[in-house]
Every structure is written in C-alpha cells, then in structure tokens.
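Examining the three-dimensional arrangement
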Amino acid sequence: QVQLVDSGGGLVQAGGSLRLSCAASGSIFSINVMGWYRQAPGKRRDLVATITSDGTTNYADSVKGRFTISRGNAKNTVYLQMNSLNPEDTAVYYCNAVAGKFGFWGQGTQVTVSS
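None of these values were measured; they are calculated from a predicted model. (Residues numbered from 1 in each chain as written. Predicted model: local features only at pLDDT ≥ 70, side-chain atom pairs only at ≥ 80, totals over all residues. Heavy atoms only, no water.)

1. Overview of the state of the cysteines
The full count for this structure, using the stated rule, is 1 disulfide. Here cysteine 22 engages in a disulfide with cysteine 95; their sulfurs sit 2.1 Å apart. Taking the sign of the torsion about the S-S bond as the criterion, the disulfide between cysteine 22 and cysteine 95, at about -85 degrees, is left-handed. In this pair, cysteine 22 is assigned in strand β3 (residues 18-26) and cysteine 95 in strand β9 (residues 91-99), connecting sequence segments 73 residues apart. Each member of the pair, cysteine 22 as well as cysteine 95, is classed as buried. (Disulfide = S-S within 2.5 Å. Helix = DSSP H or I, 4+ residues; strand = E, 2+ residues; numbered from the N terminus. Buried < 20%, exposed > 50% of the residue type's maximum accessible area, 1.4 Å probe, protein only.)

2. A few points about the side chain of aspartate 6
Here aspartate 6 is to be found in strand β1 (residues 2-7). Buried and without a salt bridge, aspartate 6 has arginine 45 as its closest oppositely charged side chain, separated by 8.2 Å. Among the polar contacts made by the side chain of aspartate 6, one reaches the main-chain amide nitrogen of cysteine 95 at a distance of 3.2 Å. What aspartate 6 contacts, discounting residues up to four positions off in sequence, is Ser21, Cys22, Trp36, Tyr93, Tyr94, Cys95, Gly106, Gln107, Gly108 and Thr109. (Lys, Arg positive; Asp, Glu negative; His and termini not counted. Salt bridge = Lys/Arg side-chain N within 4 Å of Asp/Glu carboxyl O. Polar contact = N/O pair within 3.5 Å; in protein donor to acceptor, adjacent residues only side chain to side chain. Contact = heavy atoms within 4.5 Å.)

3. Let's talk about the packing of aromatic side chains
Counted according to the given criterion, the structure contains 2 aromatic pairs. Ring centres 5.1 Å apart and planes at 70 degrees place the aromatic pair tyrosine 37 and tryptophan 105 in the edge-to-face group. Of this pair, tyrosine 37 sits in strand β4 (residues 31-39) while tryptophan 105 sits in strand β10 (residues 102-105), placing them 68 residues apart in sequence. With relative accessibility at 40%, the residue tryptophan 105 sits in the partly exposed group. Arranged with centres 6.4 Å apart and planes meeting at 90 degrees, the rings of tyrosine 94 and tryptophan 105 form a pair that is edge-to-face. Of this pair, tyrosine 94 sits in strand β9 while tryptophan 105 sits in strand β10, placing them 11 residues apart in sequence. Through a chain of ring-to-ring contacts, the aromatic side chains of Tyr37, Tyr94 and Trp105 assemble into a single cluster. Against the face of tyrosine 94 rests arginine 45, its NZ or CZ located 3.6 Å from the ring centre. (Phe/Tyr/Trp six-rings, centres within 6.5 Å; stacked < 30°, edge-to-face > 60°. Lys NZ or Arg CZ within 6 Å of the ring centre and 35° of its normal.)

Note that every value here comes from positions in space, so none of it alone points to a role or purpose.
Dropping the structure here:
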C-alpha cells in the first residue's frame, strides 16, 4: 500500500508561482511513476505532469515551459514547481503514484489563480 499527502496549494495572482509537494509512504520502493493531475469544477481530471523512477518527465501541452516536476533525493518526495500561473490553472491538484498495476491518489490541494 502507498499513502500520498499533497500540500502547497493556495491563492496567487496571475503571473505568480506556487510549489506543490507530495510525500509518499508505505511500499514506496514499488512505485514506478508519480505524477500530478488537476480537476476544475465541472471538468474531468486531467494529467499535468509525470516523472518515472529513472527521472524521465512528461508534461501536458498546456503547462510546458511553465511547470516543472521533480523528485527529491529521497524518492518518496515529488514536487511541482508552477510558474507564470494563469486563471485557467485554477483547480484541485492531486498527486498520483503507480505501483505495479495499482494506482494511488493524494487528497488534493486547491490552487486558485486570480486575474
């Protein structure tokens, strides 16, 4: 089992920055890939970024060049640095981890970008 805790969300003006954190515990050595998803009211939950155990990253087109996903030296920590935020980035952001055929989710952290 893997448990994920998201943090770092908040209210920021357009053009500002936030850094989200995700702490994993449990069977952390079984995790193959971690990522961030986001869901705005009335919208589906969409992929934002992923990072594999070997450090390969992938981003949604909407955040390329603005967001950076990274892992700490301890592989149980993942970060999402968000720069040049705009109101369209407003959503609940969820950390995700895949361990074998199982997926796990954080509780979500609210990001609100004002215009």
